[in-house]
Structure formats: structure tokens, C-alpha cells
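Tertiary structure, described
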Amino acid sequence: MAKDIILLGPPGAGKGTQAHLLEANHAMVQLSTGDMLRAAVKSGSDLGKKVQAVMDAGELVSDDLVSALIDDRLNQIGPDAGAIFDGYPRTEPQAHSLDELLEARGRKLDHVIELEVDEDALVDRITGRFTCAVCGEGYHDRYKLPKVENTCDECGSHEFKRRPDDNEETVRKRMAEYRAKTAPILPIYEKRGIVSRIDGMGGIEEVRAAIEKVLAD
Ligand code: ADP
Ligand code: ADP
Ligand code: ZN
């Protein structure tokens, strides 16, 4: 069975970027609660409207909601595919829910990979972030521009978008939430001996190589 891993790290650390690279090179599937919530917002439902207000404020949506999203998504991936949890769990109750959801399916976490990045670099990464509006591929104004100007490397689209919550003020709030509620879940996994810390300050390729090394263990 492929490995199930958590990519843990503050907003802008490079979790989504690395999750996409892992998907391209392994039988692994990214489960991003941020992406699932943005899809709910886009649907325009009442729930989506409530979620949008919370996301715009840089606060966390309810534990029950995100765990229900993960529960549903786990039903769609087979036993041979590994899960890459990106942006989940973010609180202690979510960490416990994840254990239960995995156990119920005979799965277990193999690695928790923490990406460490300085706060100033995070703001720089997030305020320069944009994505392809069609396929979701991630880019950056300085660190990862499309190879052909204004054309997505992956799907050739010319449409790109920026997230409304990727502004400095909201980013600072998201970082504070990370420090207060998410960083404290690390000891749960440290006790199990499955945490690997990776220097996320290097380039995308360097970080990718470091993650591959952890997976090869
Ligand atoms: P980033 O990749 O920048 O860390 P995400 O896309 O993971 O951001 O999350 C964007 C927003 O979605 C968060 O600020 C929060 O409001 C909400 N969110 C995403 N995942 C969770 C989660 N596991 N628990 C609670 N809120 C979440
Ligand atoms: P997260 O999912 O953790 O919020 P992303 O993967 O979306 O982070 O990365 C945030 C921004 O930083 C994106 O614009 C991405 O292209 C860029 N980025 C990701 N990894 C690196 C890196 N190692 N060095 C420089 N920029 C990076
Ligand atoms: Zn694209």
C-alpha cells in the first residue's frame, strides 16, 4: 500500500506545490481542505457563504465540517493510492478525527513532514502567489513564473487567479492561527516517531528532493 502522509506547515510554506509534485511522481492523491472549501464557496451555497466569511477573516472553519469533507474524500481513493493531507489536520480535534477516519479504513499515517519557513519569506511567497484558473497549477510572481508568458505550463490556459485571502493582513492572521492551533499538534506525531522536519527555505526542487528522501525511508 502506498504511504499516507501529512504535509504540515504555515500558509505559504509550499505544501500545495509539493503535493502536486508528489501526485505527478507517485500513486498519491492530494487532499487539500483549503481547495475543498474554496469549491464550496464557489458553489454559492449557504454553507459556502458562511465558509467564505471565515476564510476571508483568516480564521479556521469548524472541525466537524473539514473532517466531514476528508471523510467523504477518503471514500474516493483506493487502498493502493497514498493520501497527501495538505492543510489538514489543523487542530487537535482534527488530528484525532483523522486517526479515526484512517483506522476505520485500515490505513495509518506513515510520515508527518513539517516544512519550516521564516515568517517574512511566507508573506513574500503568499503575496506573490497565483494559480491557473483552469487546472489549479500554482505559480509565483518571482519564484515560479509560467515558462511561456501568461500561459499555464500544464494546460495552456491564459487565465490565472489570485486568492482574496492572500493579502498581508489576512496572512498574518492565518500565521497566528497556525502558531496557536496547528503547531501544537506536532507532539502527537512526535510521540509516534513519524515527524520529519524539512528546511522549506530552499528552492522548490531542493525541498522536493528532501521530501523524496523521507518517503524512501
Ligand atoms: P494555505 O495553503 O495558504 O495554508 P489553505 O488553502 O490550506 O491555505 O486554507 C485556506 C483557509 O481555509 C484557511 O485560512 C481556513 O480559513 C480554511 N481551512 C482550510 N483547511 C482548514 C482546516 N483543516 N481547518 C479549518 N479551516 C481550514
Ligand atoms: P501552501 O500550500 O503551503 O500555502 P504553496 O505551495 O501554495 O504553499 O506556495 C506558496 C507560494 O510560494 C506559491 O506561489 C508557490 O509557487 C511558491 N513556492 C512554493 N515553494 C517554494 C519554494 N521552495 N521557494 C520559493 N517559492 C515557493
Ligand atoms: Zn492550467
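See the structure above.
The written sequence of each chain sets the order in which its residues are numbered from 1. Each chain gets a letter, beginning with A, and each ligand a number, beginning with 1, in the order they are written. Two thresholds apply to this predicted model, a pLDDT of at least 70 for residue-level local features and 80 or more for giving and counting side-chain atom pairs, whereas whole-chain, interface and lining totals are computed over all residues. Only hydrogens and water are set aside when side-chain values are computed; all heavy atoms of the structure are taken into account.

**Notes on the packing of helix 2 (residues 33–42) against helix 4 (residues 63–74)**
The condition that has to hold: To get an axis, a line is fitted to the C-alpha atoms, and for a helix only the part in contact is used. The angle between two axes follows their N-to-C directions and goes from 0 to 180 degrees. Runs of H or I in DSSP of at least four residues are treated as helices and runs of E of at least two as strands, each being numbered from the N terminus. Angle categories are assigned with fixed cut-offs, so that under 35 degrees is roughly parallel, over 145 is roughly antiparallel, 65 to 115 is roughly perpendicular, and the rest are oblique. Residue contacts are defined here by distance: any two heavy atoms, one from each residue, within 4.5 Å place the two residues in contact. Three classes are used: nonpolar for Ala, Val, Leu, Ile, Met, Phe, Trp, Tyr, Cys and Pro, charged for Asp, Glu, Lys and Arg, and polar for all others, with Gly counted as polar.
Close contact between helix 2 and helix 4 brings their axes to 10 Å; oriented N to C, the two are set at 100°. When the axes of helix 2 and helix 4 are compared, the pair comes out roughly perpendicular. Between helix 2 and helix 4, the contacting residues are T33, M36 and L37 on the first element and L65, V66, L69, I70 and R73 on the second. Residue classes in the contact of helix 2 with helix 4 are distributed as six nonpolar, one polar and one charged.

**Details of the site of ligand 2**
Put simply, the rule is: Residue proximity to a molecule or strand is established when one non-hydrogen atom of the residue lies within 4 Å of it. Any N or O atom pair separated by 3.5 Å or less is treated as a polar contact, with the protein-specific requirement of one donor-capable and one acceptor-capable atom, and with residues adjacent in sequence counted only for side-chain atom pairs. In these tables, accessible area is a Shrake-Rupley quantity obtained with a 1.4 Å probe, and a residue counts as shielded only by the protein chains included in the view.
By nearness alone, 16 residues border ligand 2, and G12, K15, T17, R129 and Y139 come closest of all. In this structure, an oxygen atom belonging to ligand 2 sits 2.6 Å away from a side-chain N or O atom of R129. At 2.9 Å, a backbone N or O of G202 approaches a nitrogen atom of ligand 2. In the complex, the protein chains occlude 91% of the 560 Å² of accessible area that ligand 2 would expose alone. Where the shell around ligand 2 is concerned, the elements lending two or more residues are helix 1 (15–25) and strand 6 (138–140). Of all the elements, helix 1 adds the most residues to the shell around ligand 2, at three residues. Split into classes, the residues belonging to the shell around ligand 2 amount to six nonpolar, seven polar and three charged.

**Observations concerning the sheet that holds strand 1 (residues 4–8)**
Heads up, the condition is: At least two bridges found by DSSP between two strands are what make those strands a pair.
Sheet architecture is open: five strands sit in the order 2-3-1-4-8, paired in parallel fashion. Edge strands, defined here as strands with exactly one partner in the open sheet, are strand 2 (28–32) and strand 8 (195–199). Here the strands of the sheet are splayed against their neighbours by 20° on average, with no regard to which way each runs. With three bridges joining them, strand 1 and strand 3 (residues 82–86) adopt parallel strand pairing. Its bridge partner lying in strand 3, L7 is registered against D86.

Coordinates in, geometry out; function isn't part of it.
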